[in-house]
Amino acid sequence: MAEAQTSKSSLRWLVLALPLVAFLALTVFLLRGLFSDPTELSSALVGKPVPAFSLPDIYDTSTEHTEAVLKTGEPLLLNVWATWCPTCRAEHAFLNELAAQGIPIVGLNYKDDSRAKAVNWLNTLGDPYVVNLFDERGMVAIDFGVYGAPETFLINHEGEVVYRHVGDVNARNWSQLLAPMFQQLQQQAKAAAGERGGEQS
Amino acid sequence: MTTSALTSQPHSTWRQLFSSLFVSFSLVLVLALSSQAQAQVSLEQYKFDDPAQESLFRELINELRCPKCQNQTIADSDAPLAKDLRDRTYLMVKDGATKQQVVDYMVARYGDFAYYRPPVRTSTLVLWLGPLAVVLIGAAVVLWRVRSGSEEAQLSEAELAQLARLQTEKQDKSE
């Protein structure tokens, strides 16, 4: 009788503790959700080659660029920007710095108010881009899965998307996150170039 | 406290809990439905010759998710990107694309996120089985409560007499 009672009471404790455990688990899960950024979606293009496109140059619309500008044998950054985007203005000075360090950045002007405004921005704030793509209707941006500006894609020497960064590139996230990835891509490009050189000789 | 009070009390609390839950759930449902009706954007510009294409278009824009405004479909959202995606969906449907082709197109660019019906994978199993698990756990708890409650209520005459005797004995001891 006493044994049956203790087993029954321990069962009761277990049943009483279960909701508490479930509640704590849910709290931890939701608490983590508070500190995660739902806008940081990983790109569906990671590990895939950049989509094919043909876009006019922002300075001279009679010149067309294709996806070949992203397949140069060197890793590079593809930066999506627009003059209507305040964060793009905030990040622009740092992009100028990166360009001065010799990091190739391709600019994709995304659905800007006008081409004149965009060109004026580049003339006054400086032009960090090796190539300036002008995506007036945002159709190429859709192929890249862009959903806002600024966004920055890391692209390897073979023209594959390696990483998509949402939000501004600044000194902090560059040195902590993006620069190590970019250096790795540079080493991969060097190794690939070395292999090709070895085959030729 | 009598034995009947012991057993009937949990029952009435459960009933109260269930009825208040039911009321609040109905309220939330009514609110959600009415707000959804308000959120629709104008779709007059999308003209179709084929009514089947029009219904496919409406079905798609209500199942594709806007990547920018994350809790809305591209039919609900006023964001410029949602409009671009509606335009793209319109063009594809007009060109005779099937539903799966349009969905694949969006998922290839924006990931599984872009579609309000996630595929069944190990990473999404919790989405599909989670609600079922919650219902099962709830049913198990209710069953358990009902059964343990009825057991308590089914004391025989002899047991009731024994209980009363034990209680008086205990009172005598403590005095």
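Given the structure is predicted, the values throughout are model-derived calculations rather than measurements.

Caption draft 1: Just the sheet that holds strand E4 (residues 105-110) of chain A, in detail. All names here are of chain A. Strand order in the open sheet made by the five strands is E5-E4-E3-E6-E7, with mixed pairing throughout. Every interior strand has two partners, whereas the edge strands, strand E5 (131-135) and strand E7 (161-166), have only one. Neighbour-to-neighbour, the strand axes of the sheet open up by a mean angle of 20°, direction not taken into account. Summarising the sheet, strand E6 (residues 151-155) and E7 pair through five bridges and their orientation is antiparallel. Bridge pairing in E7 places Ile155 opposite Val161. Those strands touched by helix H2 (residues 86-100) are strand E3 (76-81), E4 and E6, and its axis lies near 160° from that of E3.

Caption draft 2: Quick peek at the packing of helix H2 (residues 51-61) of chain B against helix H4 (residues 99-110) of chain B. Residue and element names in this part refer to chain B. Relative to each other, H2 and H4 sit at 35°, their axes nearing to 11 Å. In the crossing of H2 with H4, the sense of the turn from one axis to the other is right-handed. Along the contact surface, H2 presents Leu56, Glu59 and Leu60, while H4 presents Lys99, Val102 and Val103. For the contact of H2 with H4, the class distribution of residues is four nonpolar, no polar and two charged.

Caption draft 3: The confidence of the model for chain B, seen in detail. Residue and element names in this part refer to chain B. Looking at chain B as a whole, its pLDDT mean stands at 81, while 82% of the residues score no less than 70. Of the regions scoring below 50 in pLDDT, residues 1-8 engages in four contacts with residues more than four places distant in sequence or in other chains. Listed scores for the predicted complex are pTM 0.71 and ipTM 0.74.

Caption draft 4: Expanded view of the domain arrangement of chain A. Splitting chain A by domain gives domain 1 (1-35) and domain 2 (54-200). Taking only C-alpha atoms, the centre of domain 1 of chain A and the centre of domain 2 of chain A are 52 Å apart.

The rules behind the values
- Residues numbered from 1 in each chain as written.
- Chains lettered and ligands numbered in written order.
- Predicted model: local features only at pLDDT ≥ 70, side-chain atom pairs only at ≥ 80, totals over all residues.
- Heavy atoms only, no water.
- Pairing = 2+ DSSP bridges.
- Helix = DSSP H or I, 4+ residues; strand = E, 2+ residues; numbered from the N terminus.
- Axes fitted to C-alpha atoms, helices over the stretch in contact; angles between N-to-C directions.
- Contact = heavy atoms within 4.5 Å.
- Left-handed = near helix turned anticlockwise from the far one by under 90°.
- Nonpolar A, V, L, I, M, F, W, Y, C, P; charged D, E, K, R; others polar.
- pLDDT = per-residue confidence, 0-100.
- Domains from an automatic or database assignment.

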